[in-house]
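Spelled out from the first residue to the last, the chains are:
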Amino acid sequence: MAWLKRKDADAASTDRQLSEEEFQSLTRISAAVEALPLGVVIMSADGATMWSNAEVDTMFTPQSEDHVLFIDSVDSVLRDALKGNVGQTDLEFGDPVIRTIEVSTIALGDGGAVAVVEDVTQRLMIDRVRTDFVANISHELRTPIGAISLMAENLIAEMGESESARLAEIILNEVTRLNETVNDLLDLAKIEFDGLSKRESIHTARVIDEAVGRLRSAALAKSVMIVVEDNPDMSVIGDRAQLVSAVGNLIDNAVKYSKQGSIVKIEVTREDGRMLISVADNGSGIAPEHLRRVFERFYRVDDARSRGTGGTGLGLAIVRHIALLHGGDVSVTSEVGVGSTFTLSIPAV
Ligand code: ADP
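Residues numbered from 1 in each chain as written. Predicted model: local features only at pLDDT ≥ 70, side-chain atom pairs only at ≥ 80, totals over all residues. Heavy atoms only, no water.

With respect to the pairing of strand β10 (residues 263–271)
Here strand β8 (residues 225–230) runs beside β10; their pairing, made up of five bridges, is parallel. Bridge pairing in β10 places I226 opposite V264. Bridge analysis of β10 against strand β11 (residues 274–281) gives eight bridges, and the strand direction is antiparallel. Opposite T269, over in β11, you have L276 as the bridge partner. The antiparallel hairpin formed by β10 and β11 contains two residues in its connecting segment, where D272 sits at a positive phi of about 50°. (Pairing = 2+ DSSP bridges. Helix = DSSP H or I, 4+ residues; strand = E, 2+ residues; numbered from the N terminus.)

Listed below in structure tokens is the structure:
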């Protein structure tokens, strides 16, 4: 393998002279790639040469141990890309890890391959500090929230029918909402922090049963019937508690945003090696302009109504995060006034 710091226009023309126009556009493209604030490494179709831009050259001290490791790793992922295996890899340096370089490969039309290289160490560190902060603050808030709830409950019990008891009830409702938000924030922080730390074989039928079991009383309170239409047992690899939480959040929403006395249908199917869990309701539905954004943190379609139903705006962000951790995704189809269907898709084994 030849590690070329720079391949100039002359070297690019192998068996014929470049026209003036070709030469100019090649120079322009090469200058643009050189100036990119992202590292770019290109491998020729025969795997014989690699070309890197200036950003890559500044990433490591030349000939250092990490530099050699980096070149070997990029060489290997680019060779994979030449065979059609493109994707994203994190290269970690140091033990414990002190530097992470993200490498994304793309196959080029002429049979070559390109790797986009980015030092994500700083970004990962900021993410970790943010997640840590949210987890710590949520944890700290739990104790005073618990104490306020308890005191409000005592006040209600002691004050009978008085105005003060009514005020205490409002305090209790607000604190309960605050508690739900803190719990969801803590859940999300935990999922972000731990990632997919457990990888066990999970029976999907049990995941559905457990999630439905958790929502039975909430559904009963609204006279909503949860119907599990089809629940064949399949296996997926992942974290059982996280999957129960994801499915539970979808059922929770379906119940919350449905009218009194309606039906929520759950169906599990297998399609192209994936397990699809769909949760369908005939509730309020979501307008098209909101559909794309409902998976964002704290996004609520109708703030007032969502608050009224006890929403935190974090449920679907949690579902999406769990789906992505399991190599899957979550999607939604919906029509206002007709209902919504959320589908969780996870690779099956
Ligand atoms: P929330 O805790 O507010 O329910 P989510 O993240 O779970 O937060 O959902 C985001 C928003 O998406 C909700 O506020 C609601 O407006 C909308 N939404 C979610 N699920 C449904 C559903 N099944 N039917 C109608 N709207 C929904």
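Next comes the rest of the account.
Things to note about the pattern of salt bridges
Considering all chains together, one arrives at nine salt bridges under this definition. The residue R79 makes a salt bridge to D75 at a minimum N-O spacing of 3.0 Å. Taken together, the residues R79 and D75, both in helix α4 (residues 65–82) and four residues apart, mark about one turn of the helix. Note on D75: relative accessible area 13%, which makes it buried. (Salt bridge = Lys/Arg side-chain N within 4 Å of Asp/Glu carboxyl O. Buried < 20%, exposed > 50% of the residue type's maximum accessible area, 1.4 Å probe, protein only.)

Focus on the packing of aromatic side chains
Inspection of the entire model under this criterion finds three aromatic pairs. Measuring from centroid to centroid gives 6.1 Å for F295 and F342, while their planes differ by 80°, and the two rings are edge-to-face. Here F295 is found in the loop between α9 (288–291) and α10 (303–308), whereas its partner F342 is found in strand β13 (residues 339–347), with 47 residues between them in sequence. Neither residue differs from the other here; F295 and F342 are each classed as buried. (Phe/Tyr/Trp six-rings, centres within 6.5 Å; stacked < 30°, edge-to-face > 60°.)

Remarks on the side chain of T204
Note that T204 resides in helix α7 (residues 204–221). Those residues in contact with T204, other than ones at most four positions away along the chain, are N231, P232, D233, M234, V236 and M275. (Contact = heavy atoms within 4.5 Å.)

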